[in-house]
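Geometric and topological summary
Each chain, letter by letter, is given below.
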Amino acid sequence: MSPSHQLPKNYDIEEVERRWQSTWRDEDNYFNPDSQKPRFIIDTPPPYPTGNFHIGNALNWCYIDFIARYKRMRGFNVMFPQGWDCHGLPTEVKVEETYGITKNDVPREKFREMCRDLTIGNIEKMRTTMRRLGFSTDWSHEYITMLPEYYKKTQASFLQMLKAGDIYQSEHPVNFCTRCETAIAFAEVNYVPRTTTLNYFDFDGIEIATTRPELLAACVAVAVHPDDERYHGMKGRRLAVPIFEHEVPVIEDVAVDPGFGSGAVMICTFGDKTDVYWWKQHHLDLRKAIDRQGVMTAAAGPYAGMSSEACRKAILHDMEEAGILKRQEELEQRVGTCWRCKTPIEILSERQWFVRVHRDDILDAAKKISWTPEHMFSRMENWANSMEWDWCISRQRIFATPIPVWFCTTCGEVVLPAEADLPIDPTVDKPRVPCPRCGGSDFIGEKDVLDTWMDSSISVLHVTGWDGSGKPPLFPAQIRPQGHDIIRTWAFYTILRAKALVGGHPWDEILVNGMVLGEDGFKMSKSRSNIIAPEEIVGQYGADALRQWGAGGAAIGSDIMFNWNDVVAASRFQTKLWNIFRFVMGHLDKETGEPAPVTELIDRWLLVRLSETVAEVTAAMEGYQFDRALKAIREFAWNTLADDYVEIVKGRLYADDSSRASACSALRTTMDVLCRLLAPIIPHFAEECYHNLAARSVHTETWPDFAYADDEARRHGDLLVKTVAELRRYKHDKGMALNAPLGHVMIYASEPVDDAGDAGRALAADARWSAGTPRLEEVVSGVNFNMAIIGPTLRKQARGFMEAVQALPPELLKNPPAIVTIGDEEIPVPPGSFTPKVAYRVAGEEVDVLTLGDVIVTIGHSS
Ligand SMILES: [Zn+2]
Ligand SMILES: [Zn+2]
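Residues numbered from 1 in each chain as written. Chains lettered and ligands numbered in written order. Predicted model: local features only at pLDDT ≥ 70, side-chain atom pairs only at ≥ 80, totals over all residues. Heavy atoms only, no water.

Notes on the overall build of the protein
- Helices and strands together make up the secondary structure of the protein, namely 24 helices and 33 strands.
- Viewed in the frame of its principal axes, the protein has a C-alpha envelope of about 120 × 80 × 45 Å.
- When the 863 residues of the protein are sorted by exposure, 54% land in the buried category.
- The contacts of the protein with a sequence gap of at least 6 include a subset with a gap of at least 24, amounting to 75%.
- Within the structure as shown, the protein displays about 37,600 Å² of accessible surface, and the carbon and sulfur contribution to it stands at 49%.
- Each charge class in the protein can be summarised by its mean position, and for the 94 positive and 121 negative side chains these summaries are 2 Å apart. (Helix = DSSP H or I, 4+ residues; strand = E, 2+ residues; numbered from the N terminus. Buried < 20%, exposed > 50% of the residue type's maximum accessible area, 1.4 Å probe, protein only. Contact = heavy atoms within 4.5 Å. Areas by Shrake-Rupley, 256 points an atom, 1.4 Å probe, with all protein chains shown as cover. Lys, Arg positive; Asp, Glu negative; His and termini not counted. Charge placed at Lys NZ, Arg CZ, Asp CG, Glu CD.)

Quick notes on the coordination of the zinc ion (ligand 2)
- Coordination of the zinc ion (ligand 2) by the protein is provided by C408 (SG), C411 (SG), C435 (SG) and C438 (SG), with metal-donor distances spanning 2.2 to 2.4 Å.
- Every donor counted, the four donor atoms about the zinc ion (ligand 2) form angles of 101 to 114 degrees at the centre, which fits tetrahedral coordination.
- Counting gaps between the donor residues of the zinc ion (ligand 2) yields the pattern C-x2-C-x23-C-x2-C. Of this pair, C411 sits in the loop between β18 (406-408) and β19 (414-415) while C435 sits in the loop between β19 and β20 (443-445), placing them 24 residues apart in sequence. (Donors = N, O, S within 2.8 Å, 3.2 Å for Na, K, Ca; no water. Tetrahedral: all angles 85-135°; square planar, octahedral: opposite > 155°, others 65-115°.)

Side note on the side chain of D710
- Position of D710 relative to the elements: it lies in the loop between α19 (683-694) and α20 (711-733).
- Sequence-distant contacts of D710, defined by excluding residues within four places in its chain, comprise R604 and V608.

Quick look at the packing of aromatic side chains
- Scanning the entire structure with this criterion turns up 31 aromatic pairs.
- Ring centres of W20 and W24 lie 6.5 Å apart, and the angle between their planes is 25 degrees; on these two criteria the pair is classed as stacked.
- Accessibility expressed as a relative area gives 23% for W24, which makes it partly exposed.
- Geometrically, the ring pair formed by F66 and F626 is edge-to-face, given 5.2 Å between the ring centres and 65 degrees between the ring planes. Of this pair, F66 sits in helix α2 (residues 55-73) while F626 is found in helix α17 (residues 626-654), placing the two residues 560 residues apart along the sequence.
- Overall, the relative accessible area of 2% leaves F626 in the buried class.
- Of note, R327 hangs over the ring of Y200, and the distance from its end group to the ring centre comes to 3.8 Å.
- Over the ring of W490 we find R480; its NZ or CZ atom is 3.1 Å from the centre of that ring. (Phe/Tyr/Trp six-rings, centres within 6.5 Å; stacked < 30°, edge-to-face > 60°. Lys NZ or Arg CZ within 6 Å of the ring centre and 35° of its normal.)

Considering the pattern of salt bridges
- Scanning all chains against the criterion turns up 54 salt bridges.
- One salt bridge connects E701 with R676, and the closest N-O pair in it is separated by 3.9 Å. Taken together, the residues span a long stretch of sequence, with E701 in the loop between α19 and α20 and R676 in helix α18 (residues 660-678) at a distance of 25 residues. By the burial criterion, E701 is buried, and R676 matches it.
- Measuring nitrogen to oxygen at the nearest pair gives 3.3 Å for the salt bridge that ties R768 to D766.
- With a relative accessible area of 47%, R768 lands in the partly exposed category.
- On the basis of relative accessibility, which here comes to 34%, the residue D766 falls in the partly exposed class. (Salt bridge = Lys/Arg side-chain N within 4 Å of Asp/Glu carboxyl O.)

Re the coordination of the zinc ion (ligand 1)
- Here the zinc ion (ligand 1) is held by C177 (SG), C180 (SG), C338 (SG) and C341 (SG), and the distances to it run 2.2 to 2.4 Å.
- What the four donor atoms of the zinc ion (ligand 1) show is an angle range of 101 to 119 degrees at the metal, which sorts the shape as tetrahedral.
- The sequence pattern describing where the donors of the zinc ion (ligand 1) fall on their chain is C-x2-C-x157-C-x2-C.
- Judged by relative accessible area, which is 0%, C177 ranks as buried.
- Judged by its relative accessible area of 3%, C180 falls in the buried class.

Notes on helix α4 (residues 108-132)
- Between its terminal C-alpha atoms α4 stretches 37 Å, which fits the 36 Å expected from 25 residues at 1.5 Å a residue.
- For α4, the complete set of buried residues consists of F111, R112, M114, C115, T119, N122, I123, M126, R127, T129, M130 and R132. (Expected span 1.5 Å × (residues − 1).)

Thoughts on the environment of P792
- Positionally, P792 belongs in helix α22 (residues 787-794).
- Expressed as a C-alpha distance, the spacing of P792 and A533, which sit 259 residues apart in the sequence, is 66 Å.

Quick word on the sheet that holds strand β5 (residues 167-177)
- If you trace the four strands from one edge of the open sheet to the other, you get β6-β5-β14-β16, paired in antiparallel fashion. Lying at the two open borders of the sheet, with one neighbouring strand each, are β6 (182-184) and β16 (391-392).
- Where β5 and strand β14 (residues 346-355) come together, ten bridges link them in antiparallel fashion. Each bridged residue has a counterpart across the sheet, and for S170 the counterpart in β14 is Q352. (Pairing = 2+ DSSP bridges.)

Laid out in structure tokens, this is it:
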């Protein structure tokens, strides 16, 4: 134990945090596969390596670290892995920008290598931030999805689901981003409002309204509602498509809204999801007018080669020339956009790979998981119930896990690699055996690659020890922490994949966190310039202040608005704690030998309150209510310990009294327990204090199992605290210094209280407790007038009335007469016009009297 004179007056955040970060060893946080302890495996989110560990990540990881540290202290064998979800478009785009190329300018393998290099650098930057935030990550369980040891598992999972019939390929309409030039899943489509133009034109005698005239070349039918009188008898008639002149049938469908436009709609392949529905229902033709780059195809005749935007303008122009464009009006609509680049999506019919969505199986598994907060389950349920199409998993990109199949050029057979040969790149590697169907030996490798969610949706299998087949030895994981923004993707896909590959639900629990909003209440974005970087906070206030902000900001699942004031308050709390700690250590240093028993009232009271705090914080941590845990710790440290206890016990600590040892024991226990309660949330601060106190690491200690019940101490201690506080306020109101002598104070309570002289020392008074009632003698010493009544009621007589009242004998002041006499005039006494001023005496000494509930305190004036 270091003597307190070595404790610096100021807590140097930067120095302390850096020192502990370089002292702590990674090995101390490793999951131990041989341990007999119950295991607690966390299926942590693998972030996208942008190189920038943002504040939203920081919040998410704070929660994870609180849990990991708490569970370790509770005796669990914790696995807190760190993954990196590397593949995807943003990295491809960044590489293209950096080197001034497009992905097709260099060989595929060269392009992948450039993406990998960029990713490795970005991961390192993010690791640095994570270490600075003090996360107790298990770096021996780090995984990187772009590396062969991981993506061979992604490929194995693909092959298994393909063999089981859960993956198939099909030509089917899919959401397609023409800027990213790839199919995307429904979960990646964001619907945003926009204003567009609704164009009314003559369609072979019928008026049609469309927002997308460029799709006219892809028109395959005109639909009307069967009950729409205007189109009675039209069904089956064939109409000529304006400009293009191909003929399409009129069909009837109840899904047509007769109230929209003219009640007749054109069906194109494909303008939106409804077109897909009608196209399937009525077995219509397929006309592809837009290609993967968003360029008009040969089917668009004279418009071929134009961008869809240019085509729209040209067709509207030509309609106007032809005199068939009737009118145009503005329309508010919701349009599906690519979640990565915000380009409006097209629906294109393409050969793609799909994962079958067994909705009921997924929901059954989701129900076996405990959701915190509970209402997040319904987000999953709503999403599952809204799914109409299977999950499209093929992407037309490069930096991703290759789809491990070949096609036989002779017979078209799909040829698969042996699982032992994984990972493979079918565009480079060749099958080891001839085509099983025709014996041919000429193959084309699948060029499409897998959706990134195919990599990350097996994270739980990976961390629980999956080797590519069967049930992973540590499956299921205990908890999945993640943001509510990826319930319909990461959570949904993980449950789907765990069910399909292992047959069970992936985790016992899922904990859903909110998003961090900027100080202006909006989502952080470059365009709003409201982004706060974790490094900025840590640089000024340290990691522990940021962590405290994360713990206290909001209930889990709720969005948090970032606020510098919260960080400042967090940092102030640490200063306060440090001052308390220094004060306590200064007194503990004088102790010698074994800790003494805790005997005195307020010391026992402190332990009762500490015990209640431990119970509250433990319950909060068990329920992942970090805001509640932090609040309980703050209230105890700031109010109970610093304001109430220390103010009372100070005098005894400075006194050379035998009862001093009891206070030191209570304080030692309290600081020990407090450090442990703080350890998960502010690990650096807790470590610094605990090392000074116990010369050991707090992070190898157990969670405090501290219970202390003493009803009498609880009751009497509360009385003492309340009495001392009231008397200090009394001093303040009288303009007295807090250490000014107060004379002799009697505290009359219903039970005898033995405060070891603490009240007297705290108040600089001769304070005594009595179980009796004071023999108060009441003396009327004057009168208080209520001018609000006297003024308006008596007007000019007021002055005479007041003189007459002052002249009354004391007993009449207490029991006012009905009238008073002024000269020879009798004036009725207005009710409530005055009250007597009362003073008290005890045994002849004049005293002030305070009443605090059942307790009466008398303060003698003569000392
Ligand atoms: Zn896009
Ligand atoms: Zn073949």
